[in-house]
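# Topology and contacts: notes
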Amino acid sequence: MKFNQTKLAVKKIKENKRKLLGAYVIGVILFCFSCKELKANNEIGLASAKELDTFNLESLIADCETQLEISVPKLTDLSKHPRLIETGKKEWKEVPNNRLVWTSGFYPGVLWYMYDISQNEKWKLEAIKRTEVFDSFKTITEHHDIGFMMFPAFGKGYELGGKKEYKDILLTSAGSLASRFNPQVGTIRSWSNKMHPRWKQHITIIDNMLNLELLFWAAKHGGDTKFYDIAVKHAETTMKNHFREDYTSWHVLEYDSITGAVLNRHTKQGYADNSRWSRGQAWGVYGYTMVYKETRDKKFLEFAQKITDKYLSLLPDDYVPCWDFDVANNPKEEKDASAAAVVASALLDLSEFVDNKKDQERYYDAALKMLESLGSDKYSGVGKTDSFLLHSTGAKSLGHEINVALIYADYYYIEALDRLKKIREKGKL
Ligand code: GLY
C-alpha cells in the first residue's frame, strides 16, 4: 500500500512536472509572440517618438496663424486675391478674381482651413467675405479650372464652415464642369484652343484630376449621378493615356475630339515635352488618392500607390523637388514647394487608405518629412514674407513665377496640417 502510494505520488510529481513544462513552453511561445507584437508596436512607437522629438505641429500651425494675422488686414480689396510673392518681396501680389484666373479660390480656402483648425470665428468671417465675392463663377464653362476655383472656397465653406447654403452654387459649378466632358474621348476638356492655339483639338492636362473632386461631391449631394460617372471615366482614361510605363505623367495630352485617339503628348509648364514636371506628378498623386477615396475602387488605390512610390523615389534629401524632375540634377534649379505641399496632403490620406502597416507608416513618415522640411527655416516665410511658404515655381518654362511664394502652395500646406491634426486626434499612428 505504502509502495503504491509512493508510486502514485511519484506519478503525480511527474505529471505536475509535465504540466509545468507544458505551461513553461506555452509561456515561452506566448512571450515570443508578445515580443514580436511589442516590436511591431515599438516600430510605430519609435516613429511617434521621433515625430514628437522633431516635429512640432502646433508650432507650424501657430506660424500659419501669425502669417494670416499679418496678411489679412493688408488684403482689403475683395475683388482681388493674393497670387504670389515675388522673389525678394515681402507682400502678396494680388490679381483680380477673374473668370479666367484659376487661383481665385485658394485664399478663401486657406482661411476656411484656419477656421477649421482654430475654430476662431474671425477666420470664418474673413473666409465668407472672400468666398461669396465670386459666386457668379459657378457658370464658368470656358475652361476646367472651375473645380480649382470653387471647391477650395465654396466646397470647404460647406464642409468646414457649415455653410450649407453653398450647395446650389456647388451643384451648378459641377454642371458647368461636366459640360466640358467629351464622351468620345472620355475626359473633360481642360483648355479651349483659343487660350492655347498650339493645340487644335481636345486638350486634357494632368492637373484636371483635381477638378473631379467637385463632381464626386456634387453626385453625393443631390446632383446628377452622371457627375460620378464622368469623374470615374475621366480618371480611367487618364490612367490609360496620361502615364508612362514608369508611372510618371505627361502634362498635356491632345486627343482627337471625334475618335478619342491620342494625337500628341506635350508640356506647358514642364522642362520639355517628355520631361517629368514635378507639380504634374503631384497632381497625379493627389488626384488618384482622392479618386480612390471617393470610389473605393482598388484599381485607383493601386495606381495611386504606384505613382506615389515613383514620386518618392525621385525626391532629393529635403523632400522638396525642383520644378521638374528632369532638371533635378542641376543644383541651381529652382524648387517647387507647391508640389511638396500637394503631395504631403495627399500622402496623409493615402496613409489611411492602405491596408498594411508598413505602407501606412511609409506614407505617413514621408508626409511628415515633407511638412518638416516645408516648415523649416529653409522654406518657411515666417519673418521674411507674408506667405506660409517660400520657393515655389509656377511656370519656369514660360518665364514666370520662378522661386516665389504661391497661394496654392500655402493652401495645400495648411490642408496637410489640418489633416495631420485630425489623424493625431483620432489617435492613429
Ligand atoms: N493647374 C495649374 C498649375 O498647376 O500650375
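Residues numbered from 1 in each chain as written. Predicted model: local features only at pLDDT ≥ 70, side-chain atom pairs only at ≥ 80, totals over all residues. Heavy atoms only, no water.

A regular strand places its side chains so that they alternate between the two faces of the sheet. Side chains of strand β6 (residues 252-255) alternate between two faces, with V252 and E254 and L253 and Y255 buried alike. The pairing of strand β5 (residues 202-205) with β6 spans 4 bridges and is classified as antiparallel. From the neighbouring strand, I203 faces β6, where its bridge partner is E254. Pairing between β6 and strand β7 (residues 262-266): 4 bridges, direction antiparallel. Bridging from a neighbouring strand, V252 pairs with H266 of β7. Here β6 folds back onto β7, and the loop between the two strands holds 6 residues, one of which, G260, carries a positive phi near 85°. (Buried < 20%, exposed > 50% of the residue type's maximum accessible area, 1.4 Å probe, protein only. Helix = DSSP H or I, 4+ residues; strand = E, 2+ residues; numbered from the N terminus. Pairing = 2+ DSSP bridges.)

Scanning the model with the defined rule gives 27 aromatic pairs in all. Ring geometry for F243 versus F303: centroids 4.9 Å apart, planes at 90°, classification edge-to-face. Separated by 60 residues along the polypeptide, F243 in the loop between α8 (226-241) and β6 and F303 in helix α10 (residues 298-313) bring together distant segments of the chain. Overall, the relative accessible area of 10% leaves F243 in the buried class. Note on F303: relative accessible area 10%, which makes it buried. Residues Y271 and W323 carry aromatic rings whose centres are separated by 6.3 Å and whose planes lie at 75° to one another, so their mutual orientation is edge-to-face. (Phe/Tyr/Trp six-rings, centres within 6.5 Å; stacked < 30°, edge-to-face > 60°.)

Further remarks concern the site of the ligand. All residues adjacent to the ligand are W102, D207, Q269, W277, R279 and W283. The separation between a nitrogen atom of the ligand and a polar side-chain atom of D207 is 2.8 Å. Contact between the ligand and W283: an oxygen atom at 2.9 Å from a side-chain N or O atom of the residue. The protein chains hide 92% of the 200 Å² of surface that the ligand would expose on its own. Partitioned by chemical class, the residues of the shell around the ligand number 3 nonpolar, 1 polar and 2 charged. (Near = heavy atom within 4 Å. Polar contact = N/O pair within 3.5 Å; in protein donor to acceptor, adjacent residues only side chain to side chain. Areas by Shrake-Rupley, 256 points an atom, 1.4 Å probe, with all protein chains shown as cover. Nonpolar A, V, L, I, M, F, W, Y, C, P; charged D, E, K, R; others polar.)

Attention now moves to the pattern of salt bridges. Applying the stated criterion across every chain yields a total of 34 salt bridges. One salt bridge in this structure joins E165 and K163, with 2.8 Å as the shortest N-O distance. Judged by relative accessible area, which is 14%, K163 ranks as buried. One salt bridge in this structure joins R419 and E415, with 3.6 Å as the shortest N-O distance. In this pair, R419 and E415 both sit in helix α13 (residues 407-426), 4 residues apart, roughly one turn of the helix. Look at R419 and you get buried, because its relative accessible area is 13%. According to the relative accessible area criterion, E415 is buried, its value standing at 0%. One connected set of salt bridges, linked through shared partners, spans K293, D349, E415 and R419. (Salt bridge = Lys/Arg side-chain N within 4 Å of Asp/Glu carboxyl O.)

Low pLDDT marks stretches whose predicted atomic positions should not be read closely. Here the protein averages 90 in pLDDT, while 87% of its residues score no lower than 70. Throughout residues 1-10 the model reports pLDDT below 50, and contacts reaching past four residues in sequence, or to other chains, amount to 0 contacts. pLDDT under 50 marks residues 23-47. Its contacts with residues more than four places away, or in other chains, come to 4 contacts. (pLDDT = per-residue confidence, 0-100. Contact = heavy atoms within 4.5 Å.)

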